Each structure stands twice: as structure tokens, then as C-alpha cells.
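Summary of the model geometry
In case you want the letters, here they are:
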Amino acid sequence: MSGGLDTAGVAAMARRELRGIAGKELHAYSVISDQPEDCVETRCILSMAEGMGGRFHSISVPSMTGIAGIDELLEEAWPRSHPEDNDIWLQALLLRAAARAGHRVVLHGTFGDLANWSPKQYIAHLMRAGQWRKAWCESRAASQHHNMLRDRSARGLWLENFGVAFVPPALKLLAKLLQRSDPAASHGLINPDFLRSIGYRAARISAAPRASRRLAPVQQAHLKALRFLTFGRTGLARVAGRHGVDTRDPWDDRRVVEFFLRLPLQYRVRDGWTKHLVRATFADDLSDTVRWRIGKEHLGWQLKARVIQQMQVPFQGYLDNPAASCWRFLDLEIARKRYASALSGGRFLPGDELFDMMTLGAWLDRKY
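Residues numbered from 1 in each chain as written. Predicted model: local features only at pLDDT ≥ 70, side-chain atom pairs only at ≥ 80, totals over all residues. Heavy atoms only, no water.

**What to know about the sheet that holds strand 3 (residues 65-66)**
Read across the sheet, 3 strands follow the order 1-2-3 without closing on themselves; strand pairing throughout is mixed. Among the strands making up the open sheet, the edge pair consists of strand 1 (28-33) and strand 3. Across 6 bridges, strand 1 lies against strand 2 (residues 56-61) in parallel orientation. Of the residues in strand 2, the one forming a bridge with Y29 is H57. Across the face of the sheet, helix 2 (residues 40-48) comes into contact with strand 1 and strand 2 while running at roughly 145° to strand 1. (Pairing = 2+ DSSP bridges. Helix = DSSP H or I, 4+ residues; strand = E, 2+ residues; numbered from the N terminus. Contact = heavy atoms within 4.5 Å. Axes fitted to C-alpha atoms, helices over the stretch in contact; angles between N-to-C directions.)

Encoded structure:
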């Protein structure tokens, strides 16, 4: 149970169902911060856990105290290192703890964002429909409430969406082609020779959408977003299977997905708030702190930090071994510079790219 609306909605529905079933209890497993006063995610979790008593189970970070510790985290991380699984350690630790307590079915809300999807540039759709006043009002509201657009200026959002709505796609594609240079210029940790060997630049250009003066319907764009359901299912199912747990996400039910797929735009996002229909639906079940929470916060990065702090020796080993299999795909010199920069502050700072480098190296060592 995170502090977000998706797992909060799952918990609320589970509580509704369990009211009429004797002898059944709802347990919750969460990762919380050592300092809840500074973490809105933790405060939302604790508000939902009120009254649960011993049925609420948690891991505190970064101290790694509670129902799982650093040794269990490291055991989940490296013996079975995997490019996909190493992004879901938080879920893995909680599934492990639930299995140890004898639970065999665990509900989660991982796919709530996909089921409740709304286009980031939704204001453009209002403009195309001639709803200019509403488009301006939404630009102002989105700059305050929308998790992806908050703190952007209303004028900037309005102009950006105007371009999305009315600039011909052919001109947009031309602008991208003029801006695009050799992939080595912005490849991050990826080895530029590897990118060239697979024709990355040509592939990216040929994959551009066909020019069209019409905006894709919301439903069509939503369908494209739903393809990520497949990626998420495989990793979570693999991790859960290791612990003998069956994971179920009510947001991933076909009936639920089809309902939200047909949902008109005004119910997806309104007054800058995404998932507006869901926020209204759970008015009697969830506190306003949870329903109208602003901002996203995920404590999983704390787990990455602890793992990398514990794994500096093998990390340095990859950097000192030019023959390591990962350097076929990654740029050794860039990795060394990023690592030196991370250490320059006197302590090790986890960076997503460096973390991904370690994961890829460990996975290749295991597999090949």
C-alpha cells in the first residue's frame, strides 16, 4: 500500500467487500520514511493505516528497520539481478514479508496510472474542440494541481498545447530532424558504437508517425499507453512467484480497463486534477489528504541508495575491468566520469544510470 490514489482505492474497495465476510482481515504492507513529517507519501500511508493496529506492516527507510532489513534487500537484489526486476525491489521486499506471514494473495495498484491514463497535453484537445476559455482555465489549474505539469507557467502550457493542436506534424518532424545529431552526442551511458551498429539514428527517424493534421483521439493514445501493462506484469509475476504469492491488481481487470478506455476526457482530468472520477468516487472512503494529494513521491530510490552503498566494491570492479561484458553496450569512460562525479561530494550518491549499469553487468555475468 503506497500513499497514492491507486492502492488507496484498492484498499477502500477491499474494506467495503470484507465488511460482510466474517473472519477475514485486511493486512497492509508499506515502505515508509524514517521522518514522516517530511514525507507526504508516508503521511498518506499512515492516514490509511489508522485503526489497523497489528495488521499494518512496514519497512522504514533509509534505516531499513521493520519487517525487512538490509540483508534481505541485498538477497533480493543481486543473486537474481535482472534489468526489469531490479526496479521493483520495494514490491519484492513487501511480497517476501507477506509470504513469510502466511499470506498467499496480495492486492496492489501498480497499473492504476495506466487504467486511469489521461494525455499530458490534454488542453490541446480542448483547443481543437473550440473550448478556448476552458483551455485557459485548465492551463491555470494544471500549473497548480497536475502532477506532471505543476509549477509550469499557465501561459507556457497554453502555448505548448496550441502548438500540439495546430502546428502541422510535418513541421514538427522537420524540427526534430534539424535538431537531431549523431546519437553519440546524447547517448548517456550507452556505447555510441553499439548504437551505430544497430542503426539507432535511422530507426528513430523511420519510426516517426506519419504526418497528419488531426490529433489522435484520446482512446487511441490510451491504447498505446496500455502496452506497458505487459512489461509490468512479467516482472511482478516473476518476483511474486519466487515467494509463492499470487498478485492481483483490480486496475488490471479487463472490465475496468475497458470502462476507463471509453471514459470522456472531462472525467479523466478536470480542474488540473488527473483521475478526477476516482477522486470523486472515494469521497466517503479516503481522507482529503489522500484524494487531493499534490505531487508524487516514491521511496523506492532509498532502496537503490542502500544497495549501491553496500555494493561499491563490485561496482568499482566493473569500472576497473575494460573486458567486462557490459562495456559492449555501455560507455566505460562516461561511466567512470559519472562515478567520479557521484563521489565528489564525499559520499556515494545513487544515480539511475549508474544503478542500471550495475544491474546490466550483474545480469550479463549471470547469464553469459
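Having seen it, we continue.
**Things to note about the packing of aromatic side chains**
Overall, the coordinates contain 10 aromatic pairs when judged by the stated rule. The interplanar angle of 40° and the centroid separation of 6.0 Å between the aromatic rings of W132 and W158 together place this pair among those described as tilted. Placement of W132 in helix 7 (residues 132-145) and of W158 in helix 8 (residues 154-166) is noted, with a sequence separation of 26 residues between them. Relative accessible area serves as the criterion here: at 23%, W158 is assigned to the partly exposed category. (Phe/Tyr/Trp six-rings, centres within 6.5 Å; stacked < 30°, edge-to-face > 60°. Buried < 20%, exposed > 50% of the residue type's maximum accessible area, 1.4 Å probe, protein only.)

**Points about helix 3 (residues 70-77)**
When we look at burial in helix 3, the residues that qualify are E72, L73, E76 and A77. Looking down the long axis of helix 3, one finds its buried residues gathered within 135° of arc, a one-sided arrangement. (Arc of directions from axis to C-beta.)

**A look at the packing of helix 19 (residues 312-319) against helix 20 (residues 332-343)**
Put simply, helix 19 and helix 20 touch, their axes get as near as 10 Å, and they point 145° apart. Of the residues in helix 20, those touching helix 19 at Q312, F315, Q316, Y318 and L319 are L332, A335, R336, Y339 and L343. Classifying every residue of the contact of helix 19 with helix 20 by side-chain character gives 7 nonpolar, 2 polar and 1 charged. (Nonpolar A, V, L, I, M, F, W, Y, C, P; charged D, E, K, R; others polar.)

**Here's the deal with unusual backbone geometry**
A cis geometry characterises the amide bond from V61 onward to P62, with omega recorded as 10°. Within the secondary structure, P62 sits in the loop between strand 2 and strand 3. A positive phi angle, near 55°, is found at M64, a position not held by glycine. Structurally, M64 is set in the loop between strand 2 and strand 3. Of note, the phi angle at K275 is positive, near 55°, even though the residue is not glycine.

**Observations regarding the nonpolar core**
The tendency in soluble globular proteins is for nonpolar side chains to be buried as a group. Residues W78, W89, L303, L319, W327 and M357 are the most contacted members of the largest nonpolar core, which totals 49 residues. Of all the elements, helix 4 (residues 89-100) adds the most residues to this core, at 9 residues. Apart from the residues within four sequence positions on either side, W89 is in contact with L73, E76, A77, W78, L303, K304, V307 and F355. (Core = buried A, V, L, I, M, F, W, Y, C linked by side-chain atoms within 4.5 Å.)

**A short note on the pairing of strand 1**
Burial of strand 1 is extensive: 6 of the 6 residues sit out of reach of the surface. Regarding the hand of the β-α-β motif, the stretch spanning strand 1, helix 2 and strand 2 is right-handed. (Right-handed = clockwise from strand over helix to strand, strands pointing away.)

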